[in-house]
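# Residue-level structural notes
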Amino acid sequence: MGIVTAQSLVATGLLMYPRFKAGEFGGDFLLGSTAGLPSLEAAPQSNPLGKFWLINTDEGPRALYMVCTHLGCLFKWVDANKRFECPCHGSKFTREGDWIEGPAPRSLDQFVVEVTQDGSVVASTQSADGGIQAPGAPAEGTEIVVKTGSRIQGPAHS
């Protein structure tokens, strides 16, 4: 009885423990060198497997979670308006994910972006007072990793 109980506990533990592979939502997305980042003025790049929009700003790269903070609809980039718009209830967000208008209670959530060099993290997205701080403009010879298992909640608007 003890052996069967132990096996059941181990099997249950293995099933409940999340195991995400690289390149799979919930895991890490290695985007490669900084040369692969979009230009500072470019429209956001969609990554449907990772469920994020990649943008590059003066403060560094950002990975915006593709789910609206209102009721979980998938918002889209509207190039004509140069902003994100949620088709469900009309929330609107800037290219950087800041709330403009609509029923969404806060700005867009973001995934942690790490800048690595030789396997070591040299900069990372951080939660800051009243916002989210990008990891900084990456230097040559560094690589970008988006950690879709680490989400930072967007700040509430006033």
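What counts and what doesn't
Residues numbered from 1 in each chain as written. Predicted model: local features only at pLDDT ≥ 70, side-chain atom pairs only at ≥ 80, totals over all residues. Heavy atoms only, no water. Phe/Tyr/Trp six-rings, centres within 6.5 Å; stacked < 30°, edge-to-face > 60°. Buried < 20%, exposed > 50% of the residue type's maximum accessible area, 1.4 Å probe, protein only. Pairing = 2+ DSSP bridges. Helix = DSSP H or I, 4+ residues; strand = E, 2+ residues; numbered from the N terminus. Salt bridge = Lys/Arg side-chain N within 4 Å of Asp/Glu carboxyl O. Disulfide = S-S within 2.5 Å.

## Structural notes on the packing of aromatic side chains
This structure, assessed with the given rule, holds seven aromatic pairs. Aromatic pair Phe75 and Phe84: ring centres 5.1 Å apart, planes at 80°, arrangement edge-to-face. Their ring planes at 70° and their centres at 5.1 Å tell us that Trp77 and Phe84 sit as a pair that is edge-to-face. Neither Trp77 nor Phe84 differs from the other in exposure class; each is buried. Each residue in the set Trp53, Phe75, Trp77, Phe84 and Phe93 is aromatic and connected to the rest through ring pairs, giving one cluster.

## Remarks on the sheet that holds strand E6 (residues 83–85)
The strand order across the open sheet formed by four strands is E5-E6-E7-E8, and the pairing between neighbours is antiparallel. Only two strands of the sheet have a single partner each, and these edge strands are strand E5 (76–78) and strand E8 (99–101). Relative to E8, strand E7 (residues 92–93) is paired through two bridges, and the arrangement is antiparallel. Pairing of Lys92 across the sheet is with Glu101, part of E8.

## Side note on the pairing of strand E3 (residues 52–57)
E3 sits mainly inside the fold: six of its six residues count as buried. Here E3 shows a buried face lined by Phe52, Leu54 and Asn56 and a second buried face lined by Trp53, Ile55 and Thr57. Bridge analysis of strand E2 (residues 45–47) against E3 gives three bridges, and the strand direction is antiparallel. The partner of Gln45 across the bridge, within E3, is Leu54. In this structure, the hairpin formed by E2 and E3 is closed by a connection of four residues, where Lys51 is found at a positive phi of approximately 60°. Direction of pairing for E3 relative to strand E4 (residues 60–65): antiparallel, over a ladder of six bridges.

## Some points on the pattern of salt bridges
Evaluated as defined, the whole model comprises seven salt bridges. The closest approach of N and O atoms between Asp28 and Lys147, which form a salt bridge, is 3.1 Å. Here Asp28 is found in strand E1 (residues 28–33), whereas its partner Lys147 is found in strand E13 (residues 143–152), with 119 residues between them in sequence. Overall, the relative accessible area of 32% leaves Asp28 in the partly exposed class. Shared partners join several salt bridges into a network, and the residues in it are Arg106, Asp109 and Arg151.

## Regarding the state of the cysteines
The term disulfide refers to a covalent linkage connecting the sulfur atoms of a pair of cysteines. All chains considered together, the criterion is met by one disulfide. Each sulfur in the disulfide pair Cys73 and Cys88 lies 2.0 Å from the other. Taking the sign of the S-S torsion, -105° for the link of Cys73 and Cys88, the bridge is left-handed. Residue Cys73 is found in the loop between E4 and E5, and its partner Cys88 is found in the loop between E6 and E7; the two are separated by 15 residues along the sequence.

## Remarks on unusual backbone geometry
One non-glycine residue, Lys51, adopts positive backbone phi at about 60°. For Lys51, the location among the structural elements is in the loop between E2 and E3. The exposure class of Lys51 is partly exposed, given its relative accessible area of 35%. A positive phi is found at Asp118, a non-glycine position, where the angle reads about 55°. The topology assignment puts Asp118 in the loop between strand E9 (110–117) and strand E10 (120–124).

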